[in-house]
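# Secondary and tertiary structure notes
Each chain, letter by letter, is given below.
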Amino acid sequence: TSNQMWGGRFAAGPDAIMEAINASIGFDKRLAAQDIEGSRAHAAMLASTGILTDKDAEAIREGLLTVLSEIESGDFQFSTALEDIHMNVEARLKEIIGEPAGRLHTGRSRNDQVATDFKLWVRDQFDAFETGLITLIEAFLEQAEAGADWVMPGFTHLQTAQPVTWGHHMMAYVEMFGRDLSRVRDARARMNESPLGAAALAGTSFPIDRNMTAKDLGFDRPSANSLDAVSDRDFALEFLGAASICAMHLSRMAEELVIWSSAQFRFVALSDRFSTGSSIMPQKKNPDAAELIRAKIGRIFGANVALMTVMKGLPLTYSKDMQEDKEQVFDAADNLMLALAAMNGMVRDMTANRESLEAAAGSGFSTATDLADWLVRVLGLPFREAHHITGTLVAMAEGNGCDLPELSLADMQSVHGEINETVYDVLGVHNSVASRMSYGGTAPVRVREQIASWKEALK
Ligand code: ARG
């Protein structure tokens, strides 16, 4: 039997394989609520412009509510033969209300319909993304505040570089997730134009009111070009782009948690609630949530590349290729929200080990730069010469098996005769971090300013 939507043109129905490759109902049923919401708004507009009678519009509105409740309660029979969510809903509406159901699609196409449904869904995800980021930023702020002046090693190349504060390190992630937040808000504002009423691609000859449906559905305005409206998936790509960058940030933090929670580092203890044990090694407490965050970002990057690839060769306007947009975004959004929530839980629950951090901060000649700076500031040496003298002292300490503050003054003076005991002031890690008061620097006074300004910004 031929199709009930386009059976007029077709003598035969599709091959089973055609149906299998063509149908999207298996996944786009997730757009049911958005589809019904878009249809409700469209029908209301058709009545208000006199294209539909109030009586038909009312029958459609009530019928759609019945369909929605059937779907929500799990009573709805989804049909693969009906291809997608749009035709499943419309076919059921016809069963319930009869003839007026056939008038709903006036001045509309599945092309603007699917773009509208998907935009409504992605818009909700942007909002959830925003909420998740704010919650996570607050978790990092809490950690930063608790340890604004705790010292830890700062690394480059994962080699000890200079002492920094725990608060400063936490605030670095606040900056990263803060940029994600601004990307999300920016993209959310840009995507909020309604495609509904673009119809198949060219607009429609019916006197529809696109401003009315745009407003009804919470869009800022109707999109200005009907060809673009049905062929644009930038909103999904911007979601995946922002998600990818955020996922990369999550993964870097996850990697730090894996390293920091190891017995070799002992920088943090993760809570039992966000760790797992081993079935054979009784001592084990594994940072599985961090590892899974690190791994799951691959799916988000993958979705981004997949959809970019789907879109890149499409002539205007709609092509069926675009049906491949949804699964990628659904999967990426699900995994992003889960990763944000898991990271939030881990960061809130983790306990920084202040003693280990401080011990590590002072090892590895981490204040060598402070020593070189002292030689410049106090003895007036050129920095290059100071660097060389300090390097000689580091080699001496390494030879003696001690750290820089443990070298005697006589040892120091054997390398440069004018060194005096005030040099020891700058070799301590607390003095080191306190001295880095340049804007954006690691000094606790600067860190506390950063915390205060972020708290103000989030109000
Ligand atoms: N299931 C389709 C999709 O997800 C809906 C739009 C179909 N439009 C069309 N002209 N065949 O993209």
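Keep in mind it's a predicted model, so treat the numbers as computed, not measured.

## A word on the overall build of the protein
From N to C terminus, the protein includes 19 helices and six strands. Radius of gyration (C-alpha) of the protein: 31 Å, far over the 23 Å computed for a compact globule of 459 residues. Its C-alpha atoms give the protein principal-axis dimensions of about 100 × 50 × 40 Å. In the protein, buried positions account for 48% of the 459 residues. For the protein, contacts bridging at least 24 residues in sequence account for 75% of all contacts bridging at least 6.

## Quick word on the packing of aromatic side chains
Enumeration according to the criterion identifies 14 aromatic pairs in this entry. Between the aromatic rings of W166 and W260, the centroid separation amounts to 5.5 Å while the plane-to-plane angle is 50 degrees, which identifies the pairing as tilted. Here W166, found in helix α7 (residues 166-191), pairs with W260, found in helix α10 (residues 234-260); they are 94 residues apart in sequence, far enough to count as distant. Here W166 and W260 have matching classes, each one buried.

## A word on the site of the ligand
Taken together, S24, D28, D84, H86, R110, N111, V114, Y318, Q323 and K326 are the residues near the ligand. Between the ligand and N111, the relevant distance is 2.9 Å, taken from a nitrogen atom to a side-chain nitrogen or oxygen of the residue. The contact in question runs from an oxygen atom of the ligand to an N or O atom on the side chain of K326, over 2.7 Å. Residue contributions to the shell around the ligand peak at three residues, all from helix α6 (residues 110-146).

## Considering the packing of helix α4 (residues 54-72) against helix α5 (residues 85-97)
Closest axis-to-axis distance for the α4/α5 pair is 9 Å, and the angle between their directions is 115 degrees. Here α4 and α5 pass one another in a crossing that is right-handed. Of the residues in α5, those in contact with A59, I60, G63, L64, T66, V67, E70 and I71 of α4 are V89, R92, L93, I96 and I97. Per-class residue counts for the contact of α4 with α5 are nine nonpolar, two polar and two charged.

## Examining the pattern of salt bridges
Tallying each qualifying case throughout the model produces 29 salt bridges. Two residues, E238 and R190, come together in a salt bridge whose shortest N-O distance is 2.8 Å. Here R190 lies in helix α7 and E238 lies in helix α10, a separation of 48 residues in the sequence. Under the relative-accessibility criterion, R190 is labelled partly exposed at 43%. For D325, the salt bridge is made with R233, and the minimal N-O distance between the two is 2.7 Å. Of this pair, D325 sits in helix α12 (residues 325-349) while R233 sits in the loop between α9 (226-231) and α10; the two residues are 92 residues apart in sequence, bridging distant segments of the chain. The burial state of D325 is the same as that of R233; both residues are buried. Put simply, E83, D84, R110 and K320 are held in one network by salt bridges that share partners.

## So, the nonpolar core
Counting 95 residues, the largest nonpolar core has F129, W166, L250, L257 and M343 as the members making the most contacts within it. Apart from residues no more than four positions distant in its own chain, W166 is found in contact with Q143, G147, W150, M152, W260, V268, M350, A352 and L357. Grouped together as the second largest cluster of nonpolar side chains are 21 residues, A368, L371, L379 and L381 included.

## Regarding a nonpolar patch on the surface
Taken together, the side chains of L201, L227 and L316 make up a nonpolar region of the molecular surface, amounting to roughly 270 Å² of accessible area. Tracing the chain through its elements places L227 in helix α9. Judged by its relative accessible area of 34%, L227 falls in the partly exposed class.

## Remarks on the pairing of strand β2 (residues 159-165)
As paired elements, strand β1 (residues 151-156) and β2 share six bridges and run antiparallel to each other. Looking at β2, one finds that P153 is bridged to P163. Once β1 ends, the chain turns through two residues before running back antiparallel as β2, passing H157 with a positive phi of about 60 degrees.

## What about the UniProt feature "domain: Fumarate lyase N-terminal" (unreviewed entry) in the protein?
When the UniProt feature table is mapped onto this chain numbering, "domain: Fumarate lyase N-terminal" (unreviewed entry) sits at residues 8-302. Secondary structure content for residues 8-302 is 60% helix and 6% strand, and the end C-alpha separation is 41 Å.

## As for the packing of helix α11 (residues 288-312) against α12
As a packed pair, α11 and α12 sit with axes 9 Å apart at the nearest point and diverge in direction by 155 degrees. Looking at the two axes, α11 sits roughly antiparallel to α12. Regarding α11 and α12, the two cross each other, and that crossing is left-handed. Residues A289, A290, I293, K296, R299, I300, G302, A303, A306 and L307 of α11 touch α12, and the partners they reach there are D325, Q328, V329, D331, A332, N335, L336, L338, A339, A342, M343 and M346.

The rules behind these values
- Residues numbered from 1 in each chain as written.
- Predicted model: local features only at pLDDT ≥ 70, side-chain atom pairs only at ≥ 80, totals over all residues.
- Heavy atoms only, no water.
- Helix = DSSP H or I, 4+ residues; strand = E, 2+ residues; numbered from the N terminus.
- Rg over C-alpha atoms; globule rule 2.2 N^0.38 Å.
- Buried < 20%, exposed > 50% of the residue type's maximum accessible area, 1.4 Å probe, protein only.
- Contact = heavy atoms within 4.5 Å.
- Phe/Tyr/Trp six-rings, centres within 6.5 Å; stacked < 30°, edge-to-face > 60°.
- Near = heavy atom within 4 Å.
- Polar contact = N/O pair within 3.5 Å; in protein donor to acceptor, adjacent residues only side chain to side chain.
- Axes fitted to C-alpha atoms, helices over the stretch in contact; angles between N-to-C directions.
- Left-handed = near helix turned anticlockwise from the far one by under 90°.
- Nonpolar A, V, L, I, M, F, W, Y, C, P; charged D, E, K, R; others polar.
- Salt bridge = Lys/Arg side-chain N within 4 Å of Asp/Glu carboxyl O.
- Core = buried A, V, L, I, M, F, W, Y, C linked by side-chain atoms within 4.5 Å.
- Patch = residues over 30% accessible without salt bridge, like charges linked within 9 Å, V, L, I, M, F, W, Y side chains within 5 Å.
- Areas by Shrake-Rupley, 256 points an atom, 1.4 Å probe, with all protein chains shown as cover.
- Pairing = 2+ DSSP bridges.
- UniProt positions renumbered as here; feature names shortened; annotations may be inferred.
- Parallel < 35°, antiparallel > 145°, perpendicular 65-115°, else oblique.

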